[in-house]
Structures are given as structure tokens and as C-alpha cells.
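Single-letter residue listing:
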Amino acid sequence: SLSDAAAAALPLTSLTAWEMLFDRLEVTRPVPGAGSAVLIIGGGGGVGSMAIQLLRALTNVTVIATASRPVTKAWCANLGAHHVLDHSQALAPQVAELGIGEPGYVFSTAGSGERQTDILELLAPQGRFGYVDCPDELDIKAFQTKCISLHPEDVFMRSRLRTIDLAEQGEILRQIGELVDAGKIRTTLTSTLGAINAANLSQAHRLIESGTAVGKFGLEGFTPQP
């Protein structure tokens, strides 16, 4: 039911979000004594945008997203986040102010290494911390004090290592397609930057590296090179 460009924005981010939420963090398996909530750090990006929607469509947990600008805060709220916090400030006090208890899960899409002390403080004992941004350093010993489990996610792992469950990603995408066609989730494409060429690819990377991206950027069509 989507255009090619709108559909192309979905597979990478939806697979990453799905695998993290349901395969790694197992958000449908409660953490004893924790608040039934998932904190998504970086809710305005492509992966965060899909995570918000998948949680709202497929679970009953409280969705807490983070953003730092009015446009990204509004985007997260529009996608269905119950609460939107400011990740330019310490997160633990903001989570405490919500009065819902310590979340059982954190899904970090950016700044995981820099925020690890904050994450450790706000997560419930025996909670689960997932990250996709490949932080250079994580203090494993610190997380051990609360028996918090760490869950990295690499969407290309199954295909790169040819795992026995490789076909599962096709099944995930089938379910994503059904959710889209049912109107339960929507594409996160926010801008099409033109044809696929070196100049437009460079522009897309600059926008992503600026840290101000909202949703997903797309490129459509090829420009013949002389």
C-alpha cells in the first residue's frame, strides 16, 4: 500500500527495532518488580521511530521516548510515545518524575557509552539494556551490580553469519507489511533527497551526522554518470 520510496525506508529500521525489542530485550517477558515501560533513547531517528510504533501496535507497555528539539519531541509524541523526555539533560531524574517506577528496559540508539551511568541509575534491577550504536566502551562491572543484562543488536548478523534462522527476517518483514497495510504503523520516511548519486548521498550523510535527523531520508532513482 506504500510507494516504493516509502516502503524502502522501512526494512532496515523495522528489522533492527523488531529484533531488539522482541528477540534481544524480550519486552513481552516482564522484569520482576520493574515498571512495565521501555525507554527509547533517540526516538526521533529511523530505528527509534519504528520502535515506538511497534511497541504501541504489539504490546501494552508504557513507551518513553527521548528527543531534544521541539520537532523531534512532537514527532515522537505523534508516533504514539506516552512520554517524551529531553536527552540533552540527565534522564534518571526525568524518569523518576513520571512516577511509573524504574523501567525494565532501555533501547539506546545513540550515545550509549556517554549515558551508561544515567542508564544504570534509571534501570530496574535485573533490567535489560539494548544498544545499536556500537559504543567504544561499556563498564560491564557496573551493570553487574544490578544484574542488568546487555543486548547488542546488529541487523546484518544473521545474513553475515548465515545463521540457521536467517529466514526469520523475511517473516518479520511480512508481519511489518501487514501492520502497514492495516494502518497500525506507518513509514518513517520524512524526506526524499532526490536521485541516487554521489552529491545526494553526501547530503544525506551530512544530515544524519548532524544529529538533527527526523525519521528516515530516502533517495529515489539513479542519475546516469558521464
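Keep in mind the model is a prediction, meaning the values are calculated, not measured. (Residues numbered from 1 in each chain as written. Predicted model: local features only at pLDDT ≥ 70, side-chain atom pairs only at ≥ 80, totals over all residues. Heavy atoms only, no water.)

Draft legend 1. Structural view of the packing of aromatic side chains. All told, the structure shown has 3 aromatic pairs when counted by the stated rule. Aromatic pair Trp18 and Phe22: ring centres 5.2 Å apart, planes at 65 degrees, arrangement edge-to-face. Here Phe22 and Trp18 lie together in helix 2 (residues 11-24), a separation of 4 residues that amounts to about one turn. On the numbers, 5.4 Å between centres and 50 degrees between planes, the contact of Phe129 with Tyr131 is tilted. Just as Phe129 is buried, Tyr131 falls in that class too. (Phe/Tyr/Trp six-rings, centres within 6.5 Å; stacked < 30°, edge-to-face > 60°. Helix = DSSP H or I, 4+ residues; strand = E, 2+ residues; numbered from the N terminus. Buried < 20%, exposed > 50% of the residue type's maximum accessible area, 1.4 Å probe, protein only.)

Draft legend 2. View of the sheet that holds strand 5 (residues 128-131). Strand order in the open sheet made by the 6 strands is 3-2-1-4-5-6, with parallel pairing throughout. Of all the strands in the sheet, just strand 3 (83-86) and strand 6 (149-152) have a single pairing partner and so form its edges. In this sheet, neighbouring strand axes are inclined to one another by 20 degrees on average, regardless of whether the strands run parallel or antiparallel. As defined by bridge partners, strand 1 (residues 35-41) adjoins strand 4 (residues 103-108) across 5 bridges and the pair is classed as parallel. Among the inter-strand pairings, Ile41 is bridged to a residue of strand 4, identified as Ser108. (Pairing = 2+ DSSP bridges. Axes fitted to C-alpha atoms, helices over the stretch in contact; angles between N-to-C directions.)

Draft legend 3. Seen up close, the packing of helix 3 (residues 46-58) against helix 4 (residues 70-79). The geometry of helix 3 relative to helix 4 is characterised by a closest axis approach of 9 Å and an angle of 30 degrees between their N-to-C directions. As the angle between them shows, helix 3 and helix 4 are arranged roughly parallel. Contacts between helix 3 and helix 4 involve Ser49, Ile52 and Gln53 from the first element and Trp75, Cys76 and Leu79 from the second. Across the contact of helix 3 with helix 4, the residue classes break down as 4 nonpolar, 2 polar and no charged. (Parallel < 35°, antiparallel > 145°, perpendicular 65-115°, else oblique. Contact = heavy atoms within 4.5 Å. Nonpolar A, V, L, I, M, F, W, Y, C, P; charged D, E, K, R; others polar.)

Draft legend 4. Local environment of helix 4. Three or more residues of helix 4 are buried, namely Thr72, Trp75, Cys76 and Leu79. Considered in projection along helix 4, the buried side chains sweep an arc of 95 degrees and stay on one side of the axis. Exposed residues on helix 4 whose side chains face more than 90 degrees from its buried face are Pro70 and Asn78. Residues of helix 4 that are buried sit in contact with helix 3, strand 2 (62-67), strand 3 and strand 7 (189-192). (Arc of directions from axis to C-beta.)

Draft legend 5. Local environment of the pattern of salt bridges. Counted according to the given criterion, the structure contains 10 salt bridges. A salt bridge links Arg158 to Glu19, with the nearest nitrogen and oxygen atoms 2.8 Å apart. With Arg158 in helix 8 (residues 157-161) and Glu19 in helix 2, this pair connects stretches of sequence that are 139 residues apart. For the pair Arg158 and Glu19, one class covers both residues: buried. The salt bridge involving Arg158 is made with Asp23; its shortest N-O contact spans 3.6 Å. Here Asp23 lies in helix 2 and Arg158 lies in helix 8, a separation of 135 residues in the sequence. Looking at Arg158, the relative accessible area reads 5%, which means it is buried. Each member of the salt-bridge network shares a partner with another, and the members are Glu19, Asp23, Arg24, Glu153, Arg158 and Asp165. (Salt bridge = Lys/Arg side-chain N within 4 Å of Asp/Glu carboxyl O.)

Draft legend 6. Layout of the environment of Thr66. You can see Thr66 is positioned in strand 2. Separated by 10 residues in sequence, Thr66 and Cys76 place their C-alpha atoms 8.0 Å apart. In this view, Thr66 contacts Leu39, Ile40, Ile41, Gly42, Gly43, Gly44, Cys76, Leu85, His87 and Leu91; residues no more than four positions away in its chain are not counted. Separated by 2.7 Å, the side chains of Thr66 and His87 make a polar contact. (Polar contact = N/O pair within 3.5 Å; in protein donor to acceptor, adjacent residues only side chain to side chain.)

Draft legend 7. Structural context of helix 9 (residues 168-181). Counted at 1.5 Å a residue, the expected span for helix 9 with its 14 residues is 20 Å, and the 20 Å between its end C-alpha atoms agrees. Within the span of helix 9, buried status applies to Gln169, Ile172, Ile176, Leu179 and Val180. The buried side chains of helix 9 occupy one side of the element, clustering within an arc of 100 degrees when seen end-on. Immediately downstream of helix 9, the backbone of Gly183 shows phi near 80 degrees, a positive value. (Expected span 1.5 Å × (residues − 1).)

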